[in-house]
There are 2 protein chains.
Amino acid sequence: MRRIRLTVEYDGTDYAGWQRQENALAVQEVVERALARLTGEKAALTGASRTDAGVHALGQTAHFDTMSRIPAEKFSYALNTLLPGDVRISDSREVSPDFHARFSARGKRYRYQIDSAPHAGALTRKTHWHVIYPLDLALMREEAQTLLGRHDFRAFAASGSTVKDAVREIHRAEILQYGREFVFWVEGTGFLYNMVRILAGTLVGVGSGKMAPGAFARALQTGDRLCLGVTAPAHGLTLMQVYYDGDEWSGSKP
Amino acid sequence: MRRIRLTVEYDGTDYAGWQRQENALAVQEVVERALARLTGEKAALTGASRTDAGVHALGQTAHFDTMSRIPAEKFSYALNTLLPGDVRISDSREVSPDFHARFSARGKRYRYQIDSAPHAGALTRKTHWHVIYPLDLALMREEAQTLLGRHDFRAFAASGSTVKDAVREIHRAEILQYGREFVFWVEGTGFLYNMVRILAGTLVGVGSGKMAPGAFARALQTGDRLCLGVTAPAHGLTLMQVYYDGDEWSGSKP
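Residues numbered from 1 in each chain as written. Chains lettered and ligands numbered in written order. Predicted model: local features only at pLDDT ≥ 70, side-chain atom pairs only at ≥ 80, totals over all residues. Heavy atoms only, no water.

Chain A has the name tRNA pseudouridine synthase A in an unreviewed UniProt entry, where Candidatus Pullichristensenella excrementigallinarum is given as its organism.

J.: Would you mind going over the packing of helix α3 (residues 137-145) of chain A against helix α4 (residues 195-207) of chain A with me for this structure?
T.: For any two helices packed against each other, one specifies the inter-axial angle together with the distance between the axes. Residue and element names in this part refer to chain A. One can describe the packing of α3 onto α4 by two numbers: an axis separation of 8 Å at closest approach and a directional angle of 135°. In terms of their interaxial angle, α3 and α4 are classed as oblique. Of the two elements, α3 crosses α4, and the hand of that crossing is right-handed. Residues Leu139, Met140, Glu143 and Ala144 of α3 form the contact with α4, whose participating residues are Leu203, Val204, Val206 and Gly207. The residue makeup of the contact of α3 with α4, split by class, is six nonpolar, one polar and one charged. (Axes fitted to C-alpha atoms, helices over the stretch in contact; angles between N-to-C directions. Helix = DSSP H or I, 4+ residues; strand = E, 2+ residues; numbered from the N terminus. Parallel < 35°, antiparallel > 145°, perpendicular 65-115°, else oblique. Left-handed = near helix turned anticlockwise from the far one by under 90°. Contact = heavy atoms within 4.5 Å. Nonpolar A, V, L, I, M, F, W, Y, C, P; charged D, E, K, R; others polar.)

J.: Hey, could you run me through the interface of chain B and chain A in this one?
T.: In many analyses, interface size is given as the accessible surface area lost on bringing the parts together. Across the contact, 25 residues belong to chain B and 25 residues belong to chain A. It is His119(B), Ala122(B) and Leu123(B) in chain B that bury the most area against chain A; as a group they hold 37% of the surface buried on that side. The interface formed by chain B and chain A holds four salt bridges in total. Arg180(B) is paired through a salt bridge with Glu9(A); the nearest N and O atoms lie 3.3 Å apart. For the pair chain B and chain A, the number of links is ten residue pairs in polar contact (both at pLDDT 80 or more). For the side of chain B that touches chain A, the element with the most residues is strand β4 (residues 87-95) of chain B, which contributes four residues. In terms of residue class, the side of chain B that touches chain A is built from nine nonpolar, nine polar and seven charged. (Buried area = accessible area lost by both parts, 1.4 Å probe. Salt bridge = Lys/Arg side-chain N within 4 Å of Asp/Glu carboxyl O. Polar contact = N/O pair within 3.5 Å; in protein donor to acceptor, adjacent residues only side chain to side chain.)

J.: Hey, could you run me through the UniProt feature "domain: Pseudouridine synthase I TruA alpha/beta" (unreviewed entry) in chain A in this one?
T.: All names here are of chain A. Per the UniProt annotation, the sites labelled "domain: Pseudouridine synthase I TruA alpha/beta" (unreviewed entry) are residues 8-103 and 144-245. Here residues 8-103 is 23% helix and 26% strand, with 17 Å between the C-alpha atoms at its ends. Spanning residues 144-245, this segment combines 23% helix with 30% strand, and its end C-alpha atoms are found 27 Å apart. (UniProt positions renumbered as here; feature names shortened; annotations may be inferred.)

J.: Is there a simple way to think about helix α5 (residues 215-222) of chain B in this case?
T.: An α-helical segment advances 3.6 residues per turn. Residues three or four places apart therefore align on the same side. All names here are of chain B. Burial in α5 covers these residues: Ala215, Phe216 and Ala219. Along the axis of α5, the buried residues cluster in a sector spanning 100°; they form a single face. Residues of α5 that are exposed and angled more than 90 degrees away from the buried face: Gln221 and Thr222. Residues of α5 that are buried make contact with α3 (137-145) and α4 (195-207). Gly223, located one to two residues past α5, shows a positive phi value of around 70°. (Buried < 20%, exposed > 50% of the residue type's maximum accessible area, 1.4 Å probe, protein only. Arc of directions from axis to C-beta.)

J.: Would you take a moment to explain the packing of aromatic side chains for this structure?
T.: Each aromatic ring pair is specified by the distance between its two centres and by the angle formed by the two planes. Counted under the stated rule, the structure contains 16 aromatic pairs over all chains. Here Tyr243(A) and Trp249(A) contribute two aromatic rings whose centre-to-centre distance is 4.6 Å and whose plane-to-plane angle is 10°, an arrangement assigned as stacked. Judged on exposure class, the residue Tyr243(A) and its partner Trp249(A) are both buried. Ring centres 6.3 Å apart and planes at 90° place the aromatic pair Tyr112(B) and Trp129(B) in the edge-to-face group. Pair noted here: Tyr112(B) is in strand β5 (residues 107-116) and Trp129(B) is in strand β6 (residues 129-131), with a separation of 17 residues, a long-range link. Grouping residues by exposure puts Tyr112(B) and Trp129(B) together as buried. Three or more aromatic residues joined by ring pairs make a cluster, and in this case those are Phe153(A), Phe156(A) and Phe216(A). Of note, Lys210(A) hangs over the ring of Tyr133(A), and the distance from its end group to the ring centre comes to 4.6 Å. (Phe/Tyr/Trp six-rings, centres within 6.5 Å; stacked < 30°, edge-to-face > 60°. Lys NZ or Arg CZ within 6 Å of the ring centre and 35° of its normal.)

J.: Please clarify how helix α1 (residues 27-39) of chain A should be interpreted in this entry.
T.: If you check α1(A), its first and last C-alpha atoms are 18 Å apart, about what 13 residues at 1.5 Å a residue would give, namely 18 Å. Within two residues after α1(A), Gly40(A) carries a phi angle of roughly 75°, on the positive side. (Expected span 1.5 Å × (residues − 1).)

J.: What's the story with the relation of the copies chain B and chain A in this structure? I'm lost.
T.: What connects the two chain copies is a rotation about an axis and a shift along it. Each copy of the sequence occupies a distinct position, and chain B is placed on chain A by a rotation of 180° and an axial shift of 0.0 Å, giving an RMSD of 0.0 Å. In symmetry terms, the pair is related by a two-fold rotation axis. Mapped onto chain A, 100% of the interface residues of chain B again fall at the interface, so both copies present the same surface. (Least-squares fit on C-alpha atoms with pLDDT ≥ 70 in both.)

J.: I tried to follow the environment of Gly12(B) on my own but got confused; where do I start?
T.: Residue and element names in this part refer to chain B. By the element assignment, Gly12 lies in the loop between β1 (2-10) and α1 (27-39). Sequence spacing of Gly12 and Ala219 is 207 residues, and the spatial spacing of their C-alpha atoms is 30 Å. In this structure Gly12 touches Gly54, Val55 and His56, once residues within four positions along its chain are discounted.

J.: Even after reading the chapter, I still don't get the environment of Arg225(A), so can you show me in this structure?
T.: Residue and element names in this part refer to chain A. Locating Arg225 in the fold gives a position in the loop between α5 (215-222) and β10 (237-243). With 70 residues separating them in the primary sequence, Arg225 and Ala155 have C-alpha atoms 4.4 Å apart. Ignoring sequence-local partners within four residues, the contact set of Arg225 consists of Ala155, Ala157, Ile198, Val230 and Thr231. Among the polar contacts listed, one links the side chain of Arg225 to the backbone oxygen of Gly229, at a separation of 2.9 Å. In terms of polar contacts, Arg225 uses its side chain to reach the side chain of Thr231, at 3.2 Å.

What follows is the structure, encoded as structure tokens:
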């Protein structure tokens, strides 16, 4: 028995998220079906992150166990011949039997894309949140700095979520601008449910002048979700990378 | 009677190109239908460029004449409420009656996007040409320099195209790299049929080592299409902008 790790890319537009479910097609199911066809085994994938419906991924990570003799690196090529174009395996490799896509993860990197213009873009409508108001880059950058470091992020989760330990560490929170496009990059040890989308919604609230600067600081202090902005739409979000022991990333710096 | 100029964006994936035709849906027809609904007039749009099936645009330009009293700047907002998400009007303004989207054009800017990686990208499959081989940026940049200036580009058109005057001037031909993504930008007074796609195909030929450097120079000298590479696929191409008198661009510099 070998354990194989897959790096999975997907355009989340037409999927009900990563996690397999009853009445809608999830990315996990699409990959498991292809795996079962390829190996003839019952396929069970464990993903690092349950991305929501509409969320994209360039670096989702998953593992499975197999008796198949297919060389580990060949799984990506073989699976891609069976998968639809909006789901791709960009890497496959053998890992030790104690590797676990979810529990071994040390950190994650997300990208949230915003299109700030009077009219939505024809080419960005499935990957960018369209906001009609102009955004102040300097205000957003200053606001984002508050996130850095180790904090109790209990205010930063979807209401109703019941996580016991909400302490997370954020190592990078940057906003880049390319004309009408704003890209928010965030990297940390972990994120609560909907947290990145709430961060993006709050940054847009502050950047558009609808919310007073200092929203993140107030939320960290009070633990109150109401200090923060809206939950930004799913389709602007992309899971870029999951970090494991040995990966170089901002959280691994001493 | 007023003449209105529209800037049109589209995701070309689901269209048979810009130009209205019998048995397939073109972008021109989609916009004309929306215009007719809006104004109650018979709508006839003239576009700057007949982009092919699958080609995208962020800066297609078109004009039409109308008796409607809708303020010129409101056309974009009103049309966008009637158009599908993959076609957007990003600007509308009144122009003088002798403005002509096609004949008044002084230059055009195109972008060709390439995804160079072992596996195609899930999020770039409709906007990037996927090539599995690595590309040499320096080689491609040097090759592109040959294009600059005023040349007879007769070798650079689709076979069977019968243009009398193939002299064009190229002002900018740059290649940028972002990880696995290569973006080719080209700007000039005009382009022959399929010319930008032939340029992209040749650059990839040279950058991948399949063609000897100097292909553009040989084609300019001999006028022979066979000196050049393949016609790159339509879906990597985007018409970015059409330039008119008064617009600032590389071709307007003295």
